[in-house]
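Structure at a glance
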Amino acid sequence: MDRLSYRQLWRVLVLVGGFSAALATWADDALSAVQLLREGGCGGILPAARPLHHNALLDRAAEQWAAGHSPAAAADRSGYKAEATAGLHVSGPASSTVQLLRRSSCGTLTDQRMHDLGVYHHGLDTWLVLASAYVVPASSQAPVLATRALQLVNEVRAHGTRCGERSFGPAPPMRLSGTLASVAFGHAADMAVHNYFEHEDLAGRSPADRVRAVGYREKLVGENIAYGPKSADEVVQGWLDSPGHCENIMDPRFAEMGIAFAAGHASRRGLYWVQLLAAPRA
């Protein structure tokens, strides 16, 4: 390679390096703008919020959002399991980023739920994804979640509700059953480990079969299952919004309830929920 070619190559490398540095600087400016506005409560008009952690997965999510995906879908596609997401898009020179964000996005910027941040820049456009990671509840939380689910169920039973086309009047409160909770957990864990979602388990047993197998004497058994909800409030509301599941919850014959969850291990990594409802024999 002659001397001229070396010079040409050097100029190319300098240009590429300068362009990459400019992009990095622009991204840093956007990140700094967000942190400044969060810590200052958007100029003192909102409560201050803690700084966000820059997350490389959310950088990819911001790029996915720029390509047309929603912030939530972009985060999921990038491997970030989010509890909550929000996206911000501004267009203009780096010097105006703070003002652009402050004018349009103060509420989102100072959202106390958000912990992480990613950024993608192209031309004069900057895409920011704010998110908080979803943390699978620990097994020690199971009693707390069960108590909350029971509270929600008994509240709706106390007042009555409409399940699709059917109206249900008030029903007596249910009580928690440790036995039913154990059976519910067994089925939730089995679905989570073996990556299926059915009332009938892989051994062909029905909910009533599983209840009888542990010595529970029942007159009637019902079961609700769900995949995906991240809290007791979300799963109970989902069942109430589904006529068949809602009818199970409102059936006045049921007196005991067990509820459990298990996290998936295969392609489905969300939570599997099982609610067992039963009328015990006297």
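Data block above holds the structure.
Scope of this entry: the structure provided in the associated data block.

About the cut-offs
Within each chain, residues carry numbers counting from 1 in the order of the written sequence. Reporting in this predicted model follows two pLDDT cut-offs: at least 70 for local features of residues, and 80 or more for side-chain atom pairs to be given and counted; totals over whole chains, interfaces and linings ignore these cut-offs and use all residues. To obtain the side-chain values, all non-hydrogen atoms of the structure were included, while hydrogens and water were left out. Salt bridges are defined by distance alone: a side-chain nitrogen of Lys or Arg within 4 Å of a carboxyl oxygen of Asp or Glu. Strands are runs of DSSP state E lasting at least two residues, helices are runs of H or I lasting at least four, and both sets are numbered from the N terminus onward. The buried label applies to any residue whose accessible area, calculated with a 1.4 Å probe on protein chains only, is under 20% of its type's maximum; exposed applies above 50%, and partly exposed to all values in between. Any two cysteine sulfur atoms lying within 2.5 Å of each other are counted as a disulfide. Contact criterion: two residues are considered in contact whenever any of their non-hydrogen atoms come within 4.5 Å of each other. Whenever a nitrogen or oxygen atom comes within 3.5 Å of another N or O atom, the pair is scored as a polar contact, on the condition that within protein one atom can donate a hydrogen and the other can accept it, and that pairs from neighbouring residues in sequence are kept only if both atoms are in side chains. Think of the arc as the fan of directions from the helix axis to the C-beta atoms. Strands pair, by our definition, only if DSSP identifies at least two bridges between them. Only the stretch in contact is used when fitting a helix axis, every axis being a line fitted to C-alpha atoms; angles between N-to-C directions are given from 0 to 180 degrees.

**A closer look at the pattern of salt bridges**
When the charged atoms of two side chains with opposite charge come close together, those side chains can pair. The full count for this structure, using the stated rule, is 11 salt bridges. In this structure, E256 and R175 form a salt bridge, with 3.0 Å as the shortest nitrogen-oxygen distance. Remark: R175 occurs in strand 7 (residues 175-176) and E256 occurs in strand 9 (residues 256-263); sequence separation between them is 81 residues. The buried category is assigned to E256, whose relative accessible area is 13%. Look at R175 and you get partly exposed, because its relative accessible area is 46%. Salt bridges linked by common partners bring D201, R205, R210 and E223 together as one network.

**Things to note about the state of the cysteines**
Following the criterion strictly, the structure yields two disulfides and no others. Residue C163 pairs covalently with C246 via a disulfide, S to S 2.0 Å. A torsion of -60° about the S-S bond marks the disulfide between C163 and C246 as left-handed. Note that C163 is positioned in strand 5 (residues 161-163) and C246 in helix 11 (residues 243-250), a separation of 83 residues in sequence. According to the relative accessible area criterion, C163 is buried, its value standing at 1%.

**A few points about the side chain of N154**
Along the polypeptide, N154 turns up in helix 7 (residues 142-159). Sequence-distant contacts of N154, defined by excluding residues within four places in its chain, comprise P173 and M174.

**Considerations on the environment of S167**
Structurally, S167 is set in strand 6 (residues 166-168). A relative accessible area of 53% means that S167 is categorised as exposed. With 80 residues separating them in the primary sequence, S167 and E247 have C-alpha atoms 9.3 Å apart. Once you skip the residues sitting within four places of it in the chain, S167 turns out to touch T161 and R162. Within the structure, the side chain of S167 is placed 2.6 Å from the side chain of R162, a separation counted as a polar contact.

**Thoughts on helix 11**
Of the positions making up helix 11, those classed as buried are C246, I249 and M250. When helix 11 is viewed along its axis, its buried side chains cluster within an angular range of 90° and face the same direction. Where helix 11 is buried, its residues touch helix 7, strand 5, strand 6, strand 8 (218-227), helix 10 (232-240) and strand 10 (271-280).

**Things to note about the sheet that holds strand 3 (residues 116-122)**
As summarised here, the arrangement of the four strands in space is 1-3-4-2, forming an open sheet in which the pairing is mixed. Each edge of the open sheet carries a strand with a single partner, namely strand 1 (53-54) and strand 2 (82-91). This element, helix 3 (residues 56-66), spans strand 1, strand 2, strand 3 and strand 4 (125-133) of the sheet and lies at about 45° to strand 3.

**Focus on the sheet that holds strand 8**
Sheet architecture is open: four strands sit in the order 7-9-10-8, paired in mixed fashion. At either margin of the open sheet sits one strand with a lone partner, and together these are strand 7 and strand 8. Of the strand pairs in this sheet, strand 8 and strand 10 are connected by nine bridges, and their pairing is antiparallel. If you follow L220 over to strand 10, its bridge partner there is A279. Where helix 7 meets the sheet, it contacts strand 7, strand 9 and strand 10, and its direction lies at approximately 130° from that of strand 9. Sheet strands in contact with helix 8 (residues 178-194) are strand 7, strand 8, strand 9 and strand 10, and its direction is about 30° off that of strand 9.

Scope: geometric values only; no functional claims are made or implied.
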